[in-house]
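Here is how the chains run, residue by residue.
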Amino acid sequence: SLADKALNVQIVSNTNAAIERAARSNDKTNESIQAIETNIRYGMFCLTFMYFRALHHVRKEKAIWCGHHDMVSMWRQPPMSDERKKMIEEQKNIQFRRARIEYSMDKARKGEEKKWRKEERERFEKVS
């Protein structure tokens with residue numbers, strides 16, 4: 001009947017309208033979410049930028065206030081770290097080892113020359 005057909009058309013129309021409203025509200029929600037995401041990213045950028053800027057200022061102020069370049073502190077040497085002491089000790093050991101190797105090589109060279117002279121002398125005596 002005609003009323004049933006009209007009812008079916010009305011139901012289809014209402015369904016299509018509801019789907020369009022849901023799509024539009026979904027688009028608005030997506031736009032809102034994208035705007036929020038953009039704002040959060042910008043906020044994170046600003047926080048990161050401010051952190052590194054503050055870190056730079058702290059290091060600069062530390063260099064100014066630490067007093068390493070003051071005339072008063074120039075006469076006093078800063079305390080040496082354990083690592084630095086170890087490095088100096090290693091350098092001394094290297095120099096000592098080089099000197100010992102050079103000494104040993106010199107002794108060996110002299111010994112070989114002495115042996116060579118002795119052999120030459122013995123060969124000369126055999127020939128004569």
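Relevant structure appears above.
Calculation notes
- Residues numbered from 1 in each chain as written.
- Predicted model: local features only at pLDDT ≥ 70, side-chain atom pairs only at ≥ 80, totals over all residues.
- Heavy atoms only, no water.
- Helix = DSSP H or I, 4+ residues; strand = E, 2+ residues; numbered from the N terminus.
- Rg over C-alpha atoms; globule rule 2.2 N^0.38 Å.
- Buried < 20%, exposed > 50% of the residue type's maximum accessible area, 1.4 Å probe, protein only.
- Salt bridge = Lys/Arg side-chain N within 4 Å of Asp/Glu carboxyl O.
- Phe/Tyr/Trp six-rings, centres within 6.5 Å; stacked < 30°, edge-to-face > 60°.
- Patch = residues over 30% accessible without salt bridge, like charges linked within 9 Å, V, L, I, M, F, W, Y side chains within 5 Å.
- Areas by Shrake-Rupley, 256 points an atom, 1.4 Å probe, with all protein chains shown as cover.

## Considering the overall build of the protein
Each helix and strand in the protein was counted, giving two helices and zero strands. Taking 14 Å as the expected radius of gyration for a compact globule of 128 residues, we find that the protein reaches 45 Å, considerably beyond that expectation. With respect to the principal axes defined by its C-alpha atoms, the protein has extents near 150 × 60 × 20 Å. In the protein, which comprises 128 residues, the share counted as buried stands at 2%.

## Digging into the pattern of salt bridges
Scanning all chains against the criterion turns up five salt bridges. In this structure, Glu-37 and Arg-41 form a salt bridge, with 2.9 Å as the shortest nitrogen-oxygen distance. Of this pair, Glu-37 and Arg-41 both sit in helix α1 (residues 2-65), separated by four residues, roughly a single helical turn. Owing to a relative accessible area of 58%, Arg-41 belongs among the exposed residues under this scheme. Glu-113 is paired through a salt bridge with Arg-117; the nearest N and O atoms lie 3.8 Å apart. In this pair, Glu-113 and Arg-117 both sit in helix α2 (residues 82-127), four residues apart, roughly one turn of the helix. Here the residues in one salt-bridge network are Asp-106, Arg-109 and Lys-110, joined through shared partners.

## As for the environment of Glu-112
Examined against the element boundaries, Glu-112 turns out to sit in helix α2. A relative accessible area of 58% places Glu-112 in the exposed class. Put simply, Glu-112 and Ser-25 are 87 residues apart on the chain and 100 Å apart in space, counted from C-alpha to C-alpha.

## A look at the packing of aromatic side chains
All told, the structure shown has two aromatic pairs when counted by the stated rule. Ring centres 6.2 Å apart and planes at 20 degrees place the aromatic pair Phe-45 and Phe-49 in the stacked group. In this pair, Phe-45 and Phe-49 both sit in helix α1, four residues apart, roughly one turn of the helix. Note on accessibility: Phe-45 and Phe-49 belong to one class, exposed. Here Tyr-51 and Phe-52 contribute two aromatic rings whose centre-to-centre distance is 5.1 Å and whose plane-to-plane angle is 75 degrees, an arrangement assigned as edge-to-face. For the pair Tyr-51 and Phe-52, one class covers both residues: exposed.

## Examining a nonpolar patch on the surface
Among the surface-exposed residues, Ile-36, Ile-40, Tyr-42, Met-44, Phe-45, Leu-47, Phe-49 and Met-50 lie close enough to one another that they form a single nonpolar patch of about 920 Å² accessible area. Here Phe-45 falls in the exposed class, since its relative accessible area comes to 52%.

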